[in-house]
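Spelled out from the first residue to the last, the chains are:
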Amino acid sequence: QITTSKVKKINAGGFSLNERHTANVQKKPVRNTATSRAPPTTTKNVSSVNKNHVSKPTMKPATDNPAVKNPVTTASEPGKKRQPWDLKGKLKDLEVRNAALTRKLNMTKEQMASERDELLLMHDRKVKELEEKIRESRKELEENKRMMTQKAEELEMSISNLENEKASLTSDLLVTEQERTELKLTVDGLTSAKAEVSTELMSTKVMLEEAMREVKQLKALTAEQDNAIKEQNEKLIKNESERRLLHNTIQELKGNIRVFCRVRPLIGEELTAGSGEIGHIDFPDKAGDGKILELKKLGEISTSENSMYEFNFDRVFAPNCTQREVFEEISQLVQSALDGYHVCIFAYGQTGSGKTYTMEGPNNPDCDNEGMIPRAVNQVFASSENLKDKGWQYEMEVSFLEIYNETIRDLIGNGQDDVKHEIKMTSASSMEVTVTNLTSVKVSKRAQVYKLLAKAGEKRAVAETNCNLKSSRSHSLFQMKICGHNTVTQERCMGLLNLIDLAGSERLKASGSQGQRLKETQSINKSLSNLGNVIMALVNKDSYIPYRNSKLTHLLQHCLGGNSKVLMFVNVSPKEECFSETLNSLRFASMVNACNIGTATKRIK
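Residues numbered from 1 in each chain as written. Predicted model: local features only at pLDDT ≥ 70, side-chain atom pairs only at ≥ 80, totals over all residues. Heavy atoms only, no water.

Caption draft 1: Local environment of the UniProt feature "binding site: ATP" (unreviewed entry) in the protein. On the UniProt side, "binding site: ATP" (unreviewed entry) is annotated at positions that read Gly-349, Gln-350, Thr-351, Gly-352, Ser-353, Gly-354, Lys-355 and Thr-356 here. Inspection of the secondary structure assignment puts Gly-349 in strand 6 (residues 342-349). Excluding anything up to four places from it in sequence, Gly-349 contacts Lys-355, Ala-503, Gly-504, Ser-505, Asn-571 and Ser-585. Tracing the backbone through its elements, the reader meets Lys-355 in helix 10 (residues 355-360). (UniProt positions renumbered as here; feature names shortened; annotations may be inferred. Helix = DSSP H or I, 4+ residues; strand = E, 2+ residues; numbered from the N terminus. Contact = heavy atoms within 4.5 Å.)

What follows is the structure in structure tokens.
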């Protein structure tokens, strides 16, 4: 097969492919053994053939071969094989086939985008309809309550009036009896008064009966309202199940493993050391949702293939993006953990690129710059509280560890430092792992988790290097196990949320590490290198994946093994002198983004 680039290289020699072939034919004419035995015939001169299509001599005489008479027509006829010498025809066929395949691929992409948009529109429409029904039901309920309260007040007033009338009648009866005793002569008057009293008593009984009927009607109306409320609650539970199904369908369409890129802003002395701007990184997709990043080597021609690099990710966050904006993009993954899925979010990048700030936030967090871990904890507790009305009850359990020099440390335990922690498989048929002697704390309030995070932050290994004043010298892993039970549908699920802050890669020459710092740097770079080997094996679909080459990859086995929803942050430093490390990080992130680990499944207990 001859590609366009090869044709250009042939033409670069000074004359076209047809001219070179014509020259070869003129220099070395092919002897036709078949025609040498036949009587001599008159053949056409090469110059009489079309200049753009020069045919080679064939085994038959020129007068009997239709390809020689009209090579262009013969080569372009559909269903027939082109002559070996018809290179332009073959190239044209390849271009036609390539154009057809390109049109088919574009149609497939448009169809998938249309289906995704329809699913999103359907989801939004159902949510709006449900919210409108809830608002109407609440309005009806408030109106019924107001009417019941008003009727109850009227009934109380009627009863009070009846009691007053009854007391008045009783007083009249006493007076009448006294008058009858004292004045026997007024018997007729007393008899008439007695008749009047009897009439009043009858009317009082009638009023009491009417009041009792009204009370009975109010009770029936209350029962109807209770049934309506019960039906609405059942609809809410059913709609919540549909929402979970649609939510996970959307997440599967987006992909089980995604990559977000975040560029740290210039801080401190970096703002005054240069121009105060990041010149070697550009974001061309500013008008869209930010998925493209361009990296260029300053001082070189921008059109050079070796000085301009373009990367595409699922989301690219410019330096001016806030923690809140970043978390909004991963909040749906956190929701998947409540729905019973395993979720893994980890930050990767060179030292000083902002990984710990992204995952944990600053030392004194507020509502605007909290990291992904505290924000995820807030969402889990807030969502679990909202789902109580739909019958869901949740139990949460957290653990926090670090891998320092290939040794696992418990960051929230109260035990001795010499306690050994080993990684064990939960079962022979499962890729899930567990860590022995690791502290696991049941929590019911977010304040309990905040205390554990503060305790882990004090115990985590950090140190100063030439590259970073406060460099993390270990990989940290925060894990929250979420067990849910629906008391209405009896459904049970178990989700797992893993939030990982990887130690930053660094060059030994740049960091100036010595002694213990040197050992830490070597251990960090080795574990990150093993992570790259695992990703490469997954991309190549190798039969053997080297998970056990390091503690980090061994712990991530259940996440990368195809049964989790995985997202990676690749954090980038804005400093131009870190160009090489930035390029390596972005290339590794692109390889991760191309990794297909399969579809995650819901965990049902």
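Caption draft 2: View of the pattern of salt bridges. Under the defined criterion, the tally for this structure stands at 12 salt bridges. In this structure, Lys-388 and Glu-385 form a salt bridge, with 3.2 Å as the shortest nitrogen-oxygen distance. Taking relative accessible area as the criterion, Glu-385 reaches 47% and is therefore assigned partly exposed. With a shortest N-O distance of 2.8 Å, Glu-520 and Arg-473 are connected by a salt bridge. Placement of Glu-520 in helix 14 (residues 516-539) and of Arg-473 in the loop between strand 13 (471-472) and strand 14 (475-486) is noted, with a sequence separation of 47 residues between them. Three or more residues are tied together by salt bridges with common partners; here these are Arg-82, Asp-86 and Asp-93. (Salt bridge = Lys/Arg side-chain N within 4 Å of Asp/Glu carboxyl O. Buried < 20%, exposed > 50% of the residue type's maximum accessible area, 1.4 Å probe, protein only.)

Caption draft 3: Local environment of the side chain of Asn-405. Relative to the helices and strands, Asn-405 is located in the loop between strand 7 (392-404) and strand 8 (407-410). When near neighbours in sequence (up to four residues on either side) are disregarded, Asn-405 contacts Gln-516, Lys-519, Glu-520 and Ser-523.

Caption draft 4: Geometry of the packing of aromatic side chains. The tally for this structure, following the rule as stated, stands at seven aromatic pairs. Aromatic side chains Phe-260 and Phe-317 sit 5.8 Å apart centroid to centroid with 75° between the ring planes, which places their arrangement in the edge-to-face category. Of this pair, Phe-260 sits in strand 1 (residues 257-263) while Phe-317 sits in strand 5 (residues 315-317), placing them 57 residues apart in sequence. Each member of the pair, Phe-260 as well as Phe-317, is classed as buried. Among the aromatic residues, those joined into a ring-pair cluster are Phe-260, Phe-317 and Phe-569. Over the ring of Tyr-341 we find Lys-565, and its NZ or CZ is 4.8 Å from the ring centre. (Phe/Tyr/Trp six-rings, centres within 6.5 Å; stacked < 30°, edge-to-face > 60°. Lys NZ or Arg CZ within 6 Å of the ring centre and 35° of its normal.)

Caption draft 5: Looking closely at unusual backbone geometry. For Asn-405, which is not a glycine, the phi torsion comes out positive at approximately 50°. For Asn-405, a relative accessible area of 18% gives the class buried. Even without being glycine, Glu-406 reaches a positive phi, approximately 60°. Inspection of the secondary structure puts Glu-406 in the loop between strand 7 and strand 8.

Caption draft 6: Focus on the pairing of strand 8. Residues Ile-408 and Asp-410 of strand 8 are buried on one face, while the alternating residues Thr-407 and Arg-409, pointing to the opposite face, are not. Bridge analysis of strand 7 against strand 8 gives four bridges, and the strand direction is antiparallel. Within strand 8, the position partnered with Glu-402 by the bridge is Arg-409. Between strand 7 and the antiparallel strand that follows it, strand 8, lie two residues; Asn-405 among them carries a positive phi value of about 50°. (Pairing = 2+ DSSP bridges.)

Caption draft 7: Broad picture of the nonpolar core. In this structure, Leu-293, Leu-560 and Met-568 are the most contacted members of the largest nonpolar core, which totals 53 residues. For Leu-293, the residues in contact, after removing those within four places along its chain, are Cys-261, Val-263, Ile-281, Asp-282, Phe-283, Tyr-309, Glu-310, Phe-311, Val-316 and Leu-586. In terms of nonpolar packing, the next biggest core, distinct from the first, is built from 41 residues, Val-326, Phe-327, Ile-345 and Met-372 among them. (Core = buried A, V, L, I, M, F, W, Y, C linked by side-chain atoms within 4.5 Å.)

Caption draft 8: Main features of the sheet that holds strand 2 (residues 281-282). Taken in spatial order, the three strands make up an open sheet running 2-3-4, and their pairing is antiparallel. In this open sheet, the two edge strands, each paired with only one partner strand, are strand 2 and strand 4 (308-312). Of the pairings in the sheet, the one linking strand 2 to strand 3 (residues 292-296) comprises two bridges and is antiparallel in character. Bridging across to strand 3, Ile-281 finds its partner in Leu-295. Helix 17 (residues 579-593) rests against strand 3 and strand 4 of the sheet, and its axis sits at about 35° to strand 4. (Axes fitted to C-alpha atoms, helices over the stretch in contact; angles between N-to-C directions.)

Caption draft 9: Quick peek at the packing of helix 9 (residues 323-338) against helix 11 (residues 372-386). It is at 9 Å that the axes of helix 9 and helix 11 come closest, and there the two elements cross at 50°. Our classification of the angle between helix 9 and helix 11 gives oblique. Of the two elements, helix 9 crosses helix 11, and the hand of that crossing is right-handed. Residue-level contacts link Gln-323, Arg-324, Val-326, Phe-327, Ile-330, Ser-331, Val-334, Gln-335 and Leu-338 of helix 9 to Met-372, Arg-375, Ala-376, Gln-379, Val-380 and Ser-383 of helix 11. Considering only residue class, the contact of helix 9 with helix 11 consists of eight nonpolar, five polar and two charged. (Parallel < 35°, antiparallel > 145°, perpendicular 65-115°, else oblique. Left-handed = near helix turned anticlockwise from the far one by under 90°. Nonpolar A, V, L, I, M, F, W, Y, C, P; charged D, E, K, R; others polar.)

Caption draft 10: Here's a closer look at the pairing of strand 3. Here strand 3 runs beside strand 4; their pairing, made up of five bridges, is antiparallel. Across the sheet, the residue bridging to Lys-296 is Met-308, located in strand 4.

Caption draft 11: Expanded view of helix 11. Counted at 1.5 Å a residue, the expected span for helix 11 with its 15 residues is 21 Å, and the 21 Å between its end C-alpha atoms agrees. In terms of burial, helix 11 is largely enclosed, as 12 of its 15 residues are buried. Those residues of helix 11 not exposed but buried are Met-372, Ile-373, Pro-374, Arg-375, Ala-376, Val-377, Asn-378, Gln-379, Val-380, Phe-381, Ser-383 and Ser-384. (Expected span 1.5 Å × (residues − 1).)

Caption draft 12: View of the environment of Val-449. Structurally, the position occupied by Val-449 is in helix 12 (residues 446-459). Along the backbone, Val-449 and Glu-397 are 52 residues apart, and their C-alpha atoms lie at a distance of 9.6 Å. Look past the residues within four positions of Val-449 in its chain and what remains in contact with it is Val-377, Phe-381, Val-443, Phe-478 and Met-480.

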